Amino acid sequence: MSQLVWNDSYSVGVKAMDEQHQRLVALLNQLDNAMAEGKGRDALDKIFNDLVVYTQTHFKAEEALMAHHGYPDLDEHRQKHTAMTDQVLKLKQEAEETKVGVTLKLMNFLTAWLTKHIAGTDALYGKYLNGKGIN
Ligand SMILES: [Fe+2]
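The structure displayed is predicted, hence computed values, not measured ones.

**Details of the nonpolar core**
Now for step 1: Grouped together as the largest cluster of nonpolar side chains are 19 residues, with contacts concentrated most on L31, I47, F48, L51 and L110.
Now for step 2: The element best represented in this core is helix 4 (residues 104–131), accounting for seven residues.
Now for step 3: Not counting the four nearest positions on each side in its chain, F48 is found in contact with L31 and V102.

Shown next, in the form of structure tokens:
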């Protein structure tokens, strides 16, 4: 893997959410570093758990913001968050059962999902909120 570098294409135009997304990217990079350095399973599990917990906190914040401003596609967006969370928990459980811990597969899934989601689905609520003068 390689480090994710934040760029403007990831901005949703809403400062508070950009900051949370940047924190997610930082956690992904931390996990990538720990893997590259050959850190042990406990260290990887800890970062991964922080990432999962923060992702859930972030999803809640995003959904509350969308709800507060009457975003019309909230249900669809929420379903994507739920499906992603379910998938991560499934992969996490698999990792625990096979005793290999956090793997590149898990890390790649998270990276691909988050970057695509932020630049695609999240950009849509960003436009909506910007149109209401919120940024
Ligand atoms: Fe989202």
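**As for the confidence of the model for the protein**
Now for step 1: Residues at a pLDDT of 70 or more form 99% of the protein, whose mean pLDDT is 92.
Now for step 2: Put simply, helix 3 (residues 74–97) is where the protein has its lowest mean pLDDT, 91, and helix 1 (residues 15–36) is where it has its highest, 95.

**Side note on helix 1**
Now for step 1: In this model, helix 1 (22 residues) spans 31 Å end to end at C-alpha, consistent with the 32 Å of a helix rising 1.5 Å per residue.
Now for step 2: Those residues of helix 1 lying buried are M17, Q20, H21, L27, L28 and L31. Burial along helix 1 is one-sided: seen end-on, the buried residues are contained in an arc of 110 degrees. Exposed residues pointing more than 90 degrees away from the buried face of helix 1 are listed as K15, E19 and A36.
Now for step 3: Contacts from the buried residues of helix 1 go to helix 2 (41–68) and helix 4.
Now for step 4: Phi for G38, located one or two positions after helix 1, is positive at around 70 degrees.

**Observations concerning the packing of helix 1 against helix 4**
Now for step 1: Viewed as axis vectors pointing N to C, helix 1 and helix 4 meet at an angle of 160 degrees, and their least axial separation amounts to 11 Å. In terms of their interaxial angle, helix 1 and helix 4 are classed as roughly antiparallel. Relative to helix 4, the crossing made by helix 1 is left-handed. Contact residues: helix 1 offers H21, L24, L28, L31, D32 and M35, while helix 4 offers L104, M107, L110, T111, L114 and I118.
Now for step 2: Its residues assigned to classes, the contact of helix 1 with helix 4 shows nine nonpolar, two polar and one charged.

**Some thoughts on the environment of D45**
Now for step 1: As for its position among the elements, D45 is in helix 2.
Now for step 2: Residues D45 and K92 lie 47 residues apart in sequence; the distance between their C-alpha atoms is 9.5 Å.
Now for step 3: In contact with D45, not counting residues within four places along its chain, are G101 and V102.

Definitions and limits used
Residues numbered from 1 in each chain as written. Predicted model: local features only at pLDDT ≥ 70, side-chain atom pairs only at ≥ 80, totals over all residues. Core = buried A, V, L, I, M, F, W, Y, C linked by C-beta atoms within 7 Å. Buried ≥ 20, exposed ≤ 12 C-beta atoms within 10 Å, placed from the backbone. Helix = DSSP H or I, 4+ residues; strand = E, 2+ residues; numbered from the N terminus. Contact = placed C-beta atoms within 7 Å. pLDDT = per-residue confidence, 0-100. Expected span 1.5 Å × (residues − 1). Arc of directions from axis to C-beta. Axes fitted to C-alpha atoms, helices over the stretch in contact; angles between N-to-C directions. Parallel < 35°, antiparallel > 145°, perpendicular 65-115°, else oblique. Left-handed = near helix turned anticlockwise from the far one by under 90°. Nonpolar A, V, L, I, M, F, W, Y, C, P; charged D, E, K, R; others polar.

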